[in-house]
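Letter by letter, the chains look like this.
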Amino acid sequence: MAHPIELGLVLEGEDAREFLEDLRNPKATKEQIEMFKEAIKIAKEHPVEF
Amino acid sequence: MRSILHERLRVLPLNEKYDLTTFFSTNNELNDFLKNDALNSQDVLISRTYLCYYEEALVGFLTLVTDTIEVKLVETSDGVDGYQYSKYPCIKIARVAVDKEYAGKGIGRFLLLWAVGTVYRVSRVVGCRYITVDAKKESIQFYQKNGFKLIKKYAERNFPPMYLNMYPIILNIDHKKIDNQ
(Lines give C-alpha, C1' and ligand atoms only; values in the text may rest on other atoms or scores of the structure.)
Protein backbone atom coordinates (compact mmCIF):
# COMPACT_ATOMS: atom_id res chain seq x y z
CA MET A 1 0.00 0.00 0.00
CA ALA A 2 1.30 3.42 -0.94
CA HIS A 3 1.73 6.12 1.67
CA PRO A 4 -1.76 7.51 2.35
CA ILE A 5 -2.68 10.99 1.17
CA GLU A 6 -2.17 13.38 4.06
CA LEU A 7 -5.03 15.78 4.68
CA GLY A 8 -4.96 18.98 6.68
CA LEU A 9 -1.96 21.23 6.48
CA VAL A 10 -1.03 22.84 9.81
CA LEU A 11 1.15 25.93 9.72
CA GLU A 12 3.11 27.11 12.71
CA GLY A 13 5.91 29.55 13.46
CA GLU A 14 7.60 31.08 10.42
CA ASP A 15 5.28 29.26 8.01
CA ALA A 16 2.22 30.66 9.83
CA ARG A 17 3.68 34.17 9.82
CA GLU A 18 4.39 33.98 6.11
CA PHE A 19 0.83 32.74 5.48
CA LEU A 20 -0.68 35.59 7.52
CA GLU A 21 1.46 38.15 5.71
CA ASP A 22 0.08 36.78 2.46
CA LEU A 23 -3.46 37.13 3.86
CA ARG A 24 -2.78 40.77 4.80
CA ASN A 25 -1.11 41.71 1.55
CA PRO A 26 -2.05 39.21 -1.14
CA LYS A 27 -0.18 39.75 -4.38
CA ALA A 28 -0.35 38.16 -7.78
CA THR A 29 2.38 38.37 -10.36
CA LYS A 30 1.77 38.83 -14.06
CA GLU A 31 3.17 35.31 -14.59
CA GLN A 32 0.64 33.81 -12.14
CA ILE A 33 -2.25 35.55 -13.83
CA GLU A 34 -1.12 34.31 -17.23
CA MET A 35 -0.64 30.81 -15.82
CA PHE A 36 -4.21 30.86 -14.49
CA LYS A 37 -5.62 32.05 -17.79
CA GLU A 38 -3.85 29.20 -19.58
CA ALA A 39 -5.03 26.75 -16.90
CA ILE A 40 -8.64 27.85 -17.19
CA LYS A 41 -8.46 27.52 -20.97
CA ILE A 42 -7.04 23.99 -20.71
CA ALA A 43 -9.66 22.91 -18.17
CA LYS A 44 -12.40 24.34 -20.36
CA GLU A 45 -11.07 22.53 -23.43
CA HIS A 46 -10.74 19.26 -21.47
CA PRO A 47 -13.87 19.09 -19.31
CA VAL A 48 -14.33 16.04 -17.14
CA GLU A 49 -16.85 13.69 -18.65
CA PHE A 50 -18.59 11.25 -16.33
CA MET B 1 12.34 17.02 -26.70
CA ARG B 2 9.12 17.94 -28.48
CA SER B 3 6.00 18.54 -26.38
CA ILE B 4 2.74 16.76 -27.15
CA LEU B 5 0.03 19.18 -28.24
CA HIS B 6 -2.58 19.70 -25.54
CA GLU B 7 -5.45 19.03 -27.92
CA ARG B 8 -4.14 15.50 -28.41
CA LEU B 9 -4.38 14.70 -24.71
CA ARG B 10 -7.56 13.46 -23.04
CA VAL B 11 -8.41 13.58 -19.34
CA LEU B 12 -10.75 10.86 -18.11
CA PRO B 13 -12.05 10.06 -14.64
CA LEU B 14 -10.66 6.83 -13.24
CA ASN B 15 -12.95 3.83 -13.09
CA GLU B 16 -12.51 0.06 -12.98
CA LYS B 17 -12.57 -0.40 -16.75
CA TYR B 18 -9.12 1.08 -17.39
CA ASP B 19 -5.95 -1.00 -17.61
CA LEU B 20 -3.45 0.62 -15.27
CA THR B 21 -0.79 -2.10 -15.51
CA THR B 22 1.02 -0.40 -18.38
CA PHE B 23 1.76 2.75 -16.38
CA PHE B 24 5.24 3.24 -14.97
CA SER B 25 6.51 6.59 -13.76
CA THR B 26 9.98 6.90 -12.23
CA ASN B 27 8.36 6.99 -8.78
CA ASN B 28 7.31 3.59 -7.39
CA GLU B 29 5.23 5.17 -4.64
CA LEU B 30 3.07 6.92 -7.25
CA ASN B 31 2.83 3.79 -9.41
CA ASP B 32 1.74 1.83 -6.36
CA PHE B 33 -0.89 4.42 -5.47
CA LEU B 34 -2.42 4.39 -8.95
CA LYS B 35 -2.48 0.62 -9.30
CA ASN B 36 -3.46 -0.39 -5.77
CA ASP B 37 -5.08 2.49 -3.92
CA ALA B 38 -6.56 5.12 -6.22
CA LEU B 39 -9.77 3.27 -7.02
CA ASN B 40 -10.43 2.28 -3.42
CA SER B 41 -9.76 5.81 -2.23
CA GLN B 42 -12.17 7.08 -4.85
CA ASP B 43 -14.86 4.54 -3.99
CA VAL B 44 -14.97 5.80 -0.41
CA LEU B 45 -15.09 9.45 -1.58
CA ILE B 46 -11.68 10.44 -0.24
CA SER B 47 -10.12 11.36 -3.58
CA ARG B 48 -10.77 11.60 -7.30
CA THR B 49 -8.20 10.43 -9.82
CA TYR B 50 -8.01 11.46 -13.45
CA LEU B 51 -6.15 9.61 -16.16
CA CYS B 52 -4.38 11.34 -19.02
CA TYR B 53 -4.30 9.56 -22.37
CA TYR B 54 -2.31 10.28 -25.49
CA GLU B 55 -3.88 8.27 -28.31
CA GLU B 56 -4.33 4.83 -26.68
CA ALA B 57 -1.53 5.23 -24.13
CA LEU B 58 -2.02 6.04 -20.46
CA VAL B 59 0.62 8.75 -20.08
CA GLY B 60 -0.18 10.34 -16.71
CA PHE B 61 -2.57 10.76 -13.85
CA LEU B 62 -3.45 13.14 -11.08
CA THR B 63 -5.48 12.91 -7.91
CA LEU B 64 -7.52 15.68 -6.27
CA VAL B 65 -8.91 15.89 -2.73
CA THR B 66 -10.44 18.59 -0.60
CA ASP B 67 -8.10 19.90 2.06
CA THR B 68 -7.65 22.60 4.71
CA ILE B 69 -4.85 24.85 5.83
CA GLU B 70 -4.89 25.48 9.57
CA VAL B 71 -2.91 28.38 10.98
CA LYS B 72 -1.71 28.09 14.55
CA LEU B 73 -1.46 31.66 15.79
CA VAL B 74 1.55 32.35 17.93
CA GLU B 75 0.06 35.49 19.47
CA THR B 76 -3.44 36.94 19.40
CA SER B 77 -2.04 39.96 17.52
CA ASP B 78 -1.18 37.63 14.63
CA GLY B 79 -4.82 37.61 13.51
CA VAL B 80 -5.90 39.55 10.44
CA ASP B 81 -8.89 41.91 10.50
CA GLY B 82 -11.73 40.50 8.46
CA TYR B 83 -10.40 36.94 8.65
CA GLN B 84 -11.86 35.31 11.71
CA TYR B 85 -10.96 31.82 10.58
CA SER B 86 -7.99 29.72 11.53
CA LYS B 87 -8.77 27.14 8.82
CA TYR B 88 -9.03 27.83 5.12
CA PRO B 89 -10.56 25.69 2.39
CA CYS B 90 -8.33 24.17 -0.25
CA ILE B 91 -8.24 21.63 -3.00
CA LYS B 92 -5.16 19.51 -2.99
CA ILE B 93 -3.30 18.12 -5.97
CA ALA B 94 -2.39 15.04 -4.01
CA ARG B 95 -0.69 12.94 -6.67
CA VAL B 96 0.69 13.74 -10.13
CA ALA B 97 2.78 11.41 -12.25
CA VAL B 98 3.81 10.95 -15.87
CA ASP B 99 4.78 7.67 -17.51
CA LYS B 100 8.56 7.55 -17.90
CA GLU B 101 8.27 6.88 -21.63
CA TYR B 102 6.49 10.22 -21.99
CA ALA B 103 8.57 12.31 -19.58
CA GLY B 104 9.80 15.65 -20.86
CA LYS B 105 6.92 16.11 -23.30
CA GLY B 106 5.00 18.71 -21.31
CA ILE B 107 2.45 16.28 -19.85
CA GLY B 108 3.24 17.11 -16.21
CA ARG B 109 2.82 20.81 -16.94
CA PHE B 110 -0.42 20.09 -18.80
CA LEU B 111 -1.77 18.08 -15.86
CA LEU B 112 -0.86 20.78 -13.36
CA LEU B 113 -2.54 23.46 -15.48
CA TRP B 114 -5.58 21.24 -16.00
CA ALA B 115 -5.81 20.79 -12.22
CA VAL B 116 -5.44 24.52 -11.53
CA GLY B 117 -8.10 25.33 -14.13
CA THR B 118 -10.41 22.67 -12.73
CA VAL B 119 -9.93 24.00 -9.18
CA TYR B 120 -10.77 27.47 -10.47
CA ARG B 121 -14.03 26.09 -11.91
CA VAL B 122 -14.83 24.33 -8.63
CA SER B 123 -14.14 27.58 -6.74
CA ARG B 124 -16.93 29.19 -8.79
CA VAL B 125 -19.34 26.69 -7.19
CA VAL B 126 -17.83 25.92 -3.76
CA GLY B 127 -15.74 28.18 -1.57
CA CYS B 128 -12.09 27.37 -2.04
CA ARG B 129 -9.24 29.83 -1.67
CA TYR B 130 -6.04 27.78 -1.78
CA ILE B 131 -4.51 25.05 -3.88
CA THR B 132 -2.21 22.73 -1.97
CA VAL B 133 0.10 20.15 -3.45
CA ASP B 134 2.33 17.36 -2.18
CA ALA B 135 5.23 18.12 -4.49
CA LYS B 136 7.79 15.72 -5.83
CA LYS B 137 11.19 17.15 -4.87
CA GLU B 138 12.18 17.54 -8.51
CA SER B 139 9.00 19.58 -9.11
CA ILE B 140 9.42 22.09 -6.27
CA GLN B 141 11.17 24.64 -8.47
CA PHE B 142 8.41 24.37 -11.06
CA TYR B 143 5.73 25.02 -8.45
CA GLN B 144 7.69 27.91 -6.90
CA LYS B 145 8.02 29.49 -10.32
CA ASN B 146 4.22 29.45 -10.47
CA GLY B 147 3.84 31.07 -7.05
CA PHE B 148 3.39 28.05 -4.77
CA LYS B 149 4.97 28.48 -1.33
CA LEU B 150 6.95 25.70 0.30
CA ILE B 151 6.15 24.87 3.92
CA LYS B 152 9.59 25.11 5.47
CA LYS B 153 8.76 22.86 8.42
CA TYR B 154 8.01 19.96 6.09
CA ALA B 155 10.61 20.69 3.42
CA GLU B 156 12.45 17.42 4.07
CA ARG B 157 9.42 15.16 3.51
CA ASN B 158 9.41 12.90 0.47
CA PHE B 159 6.56 15.00 -0.95
CA PRO B 160 6.86 18.43 0.71
CA PRO B 161 3.55 20.32 0.92
CA MET B 162 3.16 23.66 -0.87
CA TYR B 163 0.27 26.09 -1.26
CA LEU B 164 -0.98 28.79 -3.61
CA ASN B 165 -3.37 31.60 -2.69
CA MET B 166 -5.80 31.89 -5.60
CA TYR B 167 -7.51 35.00 -4.27
CA PRO B 168 -5.21 37.75 -5.61
CA ILE B 169 -4.93 35.95 -8.93
CA ILE B 170 -8.67 35.52 -9.36
CA LEU B 171 -9.17 39.24 -8.62
CA ASN B 172 -7.33 39.83 -11.87
CA ILE B 173 -9.41 37.37 -13.91
CA ASP B 174 -12.29 38.66 -16.00
CA HIS B 175 -14.85 35.94 -15.15
CA LYS B 176 -17.48 37.12 -17.61
CA LYS B 177 -15.01 37.11 -20.46
CA ILE B 178 -13.80 33.62 -19.54
CA ASP B 179 -17.30 32.22 -19.02
CA ASN B 180 -18.30 33.43 -22.46
CA GLN B 181 -15.25 32.12 -24.29
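Up top is the structure these notes are about.
Description of the structure in this document. (Residues numbered from 1 in each chain as written. Chains lettered and ligands numbered in written order. Predicted model: local features only at pLDDT ≥ 70, side-chain atom pairs only at ≥ 80, totals over all residues. Heavy atoms only, no water.)

1. Side note on the interface of chain B and chain A
Many structure descriptions define interface size as the accessible area lost when the parts assemble.
Okay, so step 1: On the chain A side, the residues contacting the 69 residues of chain B number 42 residues.
Okay, so step 2: Contact between chain B and chain A buries roughly 5,000 Å² in total, counting both sides, with carbon and sulfur atoms accounting for 64%.
Okay, so step 3: Considering only the side of chain B, the residues that lose the most area to chain A are Leu113, Lys152 and Ile169 of chain B, jointly responsible for 10% of the buried surface there.
Okay, so step 4: Along the contact surface separating chain B from chain A lie 6 salt bridges.
Okay, so step 5: A salt bridge links Glu18 of chain A to Lys152 of chain B, with the shortest nitrogen-to-oxygen separation between them at 2.6 Å. (Contact = heavy atoms within 4.5 Å. Buried area = accessible area lost by both parts, 1.4 Å probe. Salt bridge = Lys/Arg side-chain N within 4 Å of Asp/Glu carboxyl O.)

2. What to know about the environment of Val59 of chain B
Residue and element names in this part refer to chain B.
Okay, so step 1: By the secondary structure assignment, Val59 is in strand E3 (residues 57-71).
Okay, so step 2: With a relative accessible area of 0%, Val59 lands in the buried category.
Okay, so step 3: Residues Val59 and Val98, spaced 39 residues apart in sequence, show a C-alpha to C-alpha distance of 5.7 Å.
Okay, so step 4: With residues up to four places along the chain from it excluded, the contact list for Val59 reads Leu9, Phe23, Cys52, Tyr53, Tyr54, Ala97, Val98, Asp99, Tyr102 and Ile107. (Helix = DSSP H or I, 4+ residues; strand = E, 2+ residues; numbered from the N terminus. Buried < 20%, exposed > 50% of the residue type's maximum accessible area, 1.4 Å probe, protein only.)

3. Digging into the packing of aromatic side chains
Okay, so step 1: Scanning the model with the defined rule gives 12 aromatic pairs over all chains in all.
Okay, so step 2: Note on Phe33 of chain B and Phe61 of chain B: the rings are 6.4 Å apart at their centroids and 20 degrees apart in plane angle, and the pair reads as stacked. Of this pair, Phe33 of chain B sits in helix H1 (residues 28-43) while Phe61 of chain B sits in strand E3; the two residues are 28 residues apart in sequence, bridging distant segments of the chain. Phe61 of chain B matches Phe33 of chain B in its accessibility class, with the two residues each being buried.
Okay, so step 3: On the numbers, 5.1 Å between centres and 55 degrees between planes, the contact of Tyr50 of chain B with Trp114 of chain B is tilted. Of this pair, Tyr50 of chain B sits in strand E2 (residues 48-54) while Trp114 of chain B sits in helix H2 (residues 107-123), and the two are 64 residues apart along the sequence.
Okay, so step 4: Looking at Tyr50 of chain B, the relative accessible area reads 8%, which means it is buried.
Okay, so step 5: An aromatic cluster is built from Phe19 of chain A together with Tyr88, Tyr130 and Tyr163 of chain B, whose rings are joined through pairwise contacts. (Phe/Tyr/Trp six-rings, centres within 6.5 Å; stacked < 30°, edge-to-face > 60°.)

4. Quick look at the pattern of salt bridges
Here the idea is simple: oppositely charged side chains can pair when their charged atoms come close.
Okay, so step 1: The tally for this structure, following the rule as stated, stands at 12 salt bridges over all chains.
Okay, so step 2: The salt bridge involving Arg157 of chain B is made with Glu6 of chain A; its shortest N-O contact spans 3.3 Å. A residue pair is termed interchain when its members come from two chains, as with Arg157 of chain B in the loop between strand E6 (149-150) and strand E7 (161-165) and Glu6 of chain A in the segment before strand E1 (9-11).
Okay, so step 3: With relative accessibility at 31%, the residue Arg157 of chain B sits in the partly exposed group.

Read these as layout, nothing more, since geometry by itself doesn't imply function.
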